[in-house]
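Here's the letter readout for the chains.
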Amino acid sequence: MIAHLIGPPVCVAPTGDACGEGAVWHAAHQAVYFVDINRFLIHRFLVADQSVRTWFFDEPVTALNLTENPTTLIAVLGSSVIPWQPDSDHRGDPLFRLPGWPRVRFNDARPDPRGSLWLGTMRNNVNPDGSAGAAGGQDGELYRLDPDGTVTTWRRDIGISNTVAWSPDHRRFYFADSLANVVWAFDYNPATGSIANERPFLQGFSRGLPDGSTVDSDGFLWNCRYHGSCIVRVAPDGSIDRIVEMPVQNITTCTFGGPDLKTLYITTARNEAPASDRLAGSLFAISTTVAGQPENKFRFAVSPRPA
């Protein structure tokens, strides 16, 4: 096996996010889109000129996803899932409203290889003014939103839903509960979009708690560790390949980007960070010799009209 080289983490956007999350690489824009959950923001980091543009929302934004239309993204809000067009800032009607909001909220979300959107929820820990509330309990669920609007529930009794990712062969699905400190692997059926045979994949790792993840083209899972100051790269057999040290404590999610998908972009959080974490809440980048996978895209049954 090739020993992949990984460069040092570099702060590329010191955005100071309370809870940076939801990073997604948009190849057509050559940009990273990401959010600040507690400040109700979406950011776009343009690689060409290292600039950041920000959009303001009225409630938490927890995740962003691509669609088959490069002008339209899926914005996952605390309460609902909407199509969003960054060029015009047009915000479409909800595709799915979360039952139980504001007691619970959406958290991590990603489309699957078929074009359906998988969404995890949790007890709402964001107050109406954006300040941090208390998480806990097992109020979370895992949903699948299909292009025709059908919603199915695949798992219940989750503390904090995190990590929504697939193996390169589309035969394995990864999902995590941060409070339980476990990432599970499931068998994924690419024909039907169903999951089965849940088993622990990364459990009880001592450094922090599992947050967001991505899977590279070799099938290794990169799991961000909240409170852990690191990212752990895990082989398909569950063994730990390496630990990537980070200069801040709260590492939230990551995605591969760049023209060759060999830059790992990482979001972080200022919430609960020590005062010494001067760059907490920044977007970081790491160069690596292993490539990521292209992002999956949500498939609309009927494409939304432009604004």
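Residues numbered from 1 in each chain as written. Predicted model: local features only at pLDDT ≥ 70, side-chain atom pairs only at ≥ 80, totals over all residues. Heavy atoms only, no water.

*Asks:* What exactly am I supposed to notice about the pattern of salt bridges here?
*Replies:* Pairing between side chains of opposite charge can happen when the charged atoms of each approach one another. The full count for this structure, using the stated rule, is 14 salt bridges. With a shortest N-O distance of 3.1 Å, Arg156 and Glu141 are connected by a salt bridge. Separated by 15 residues along the polypeptide, Arg156 in strand 14 (residues 151–158) and Glu141 in strand 13 (residues 140–145) bring together distant segments of the chain. Among the ionic pairs, Arg144 bridges to Asp146, the shortest N-O distance being 2.8 Å. Looking at Arg144, the relative accessible area reads 7%, which means it is buried. Three or more residues are tied together by salt bridges with common partners; here these are Asp216, Arg233, Asp241 and Arg242. (Salt bridge = Lys/Arg side-chain N within 4 Å of Asp/Glu carboxyl O. Helix = DSSP H or I, 4+ residues; strand = E, 2+ residues; numbered from the N terminus. Buried < 20%, exposed > 50% of the residue type's maximum accessible area, 1.4 Å probe, protein only.)

*Asks:* Even after reading the chapter, I still don't get the sheet that holds strand 15 (residues 161–166), so can you show me in this structure?
*Replies:* Paired through their backbone hydrogen bonds, the strands of a sheet run either parallel or antiparallel. One open sheet accounts for four strands, arranged 15-16-17-18; its pairing is antiparallel. In this open sheet, the two edge strands, each paired with only one partner strand, are strand 15 and strand 18 (194–203). Adjacent strand axes in the sheet meet at a mean angle of 25°, parallel and antiparallel pairs treated alike. Alignment of strand 17 (residues 182–189) against strand 18, held across seven bridges, turns out to be antiparallel. Residue Asp187 lies in a different strand from strand 18, and its bridge partner there is Ala196. (Pairing = 2+ DSSP bridges. Axes fitted to C-alpha atoms, helices over the stretch in contact; angles between N-to-C directions.)

*Asks:* I'm lost on unusual backbone geometry in this one. Help?
*Replies:* Backbone phi values are negative for most residues with the exception of glycine, while trans is the configuration of most peptide bonds. Of note, the bond from Trp101 into Pro102 is cis; its omega dihedral lies within 30 degrees of zero at 10°. Of note, Pro102 is situated in the loop between strand 10 (96–97) and strand 11 (104–111). At Phe40, a residue that is not glycine, the phi angle is positive and equals roughly 60°. Along the chain, the position of Phe40 falls in the loop between strand 3 (31–36) and strand 4 (41–46). Take Phe40: its relative accessible area is 12%, and that puts it in the buried class. The residue Asn181 is not glycine, and still its phi comes out positive at about 55°. Its location among the elements puts Asn181 in the loop between strand 16 (172–177) and strand 17. Residue Asn181 is classed as buried on the basis of its relative accessible area, which comes to 14%.

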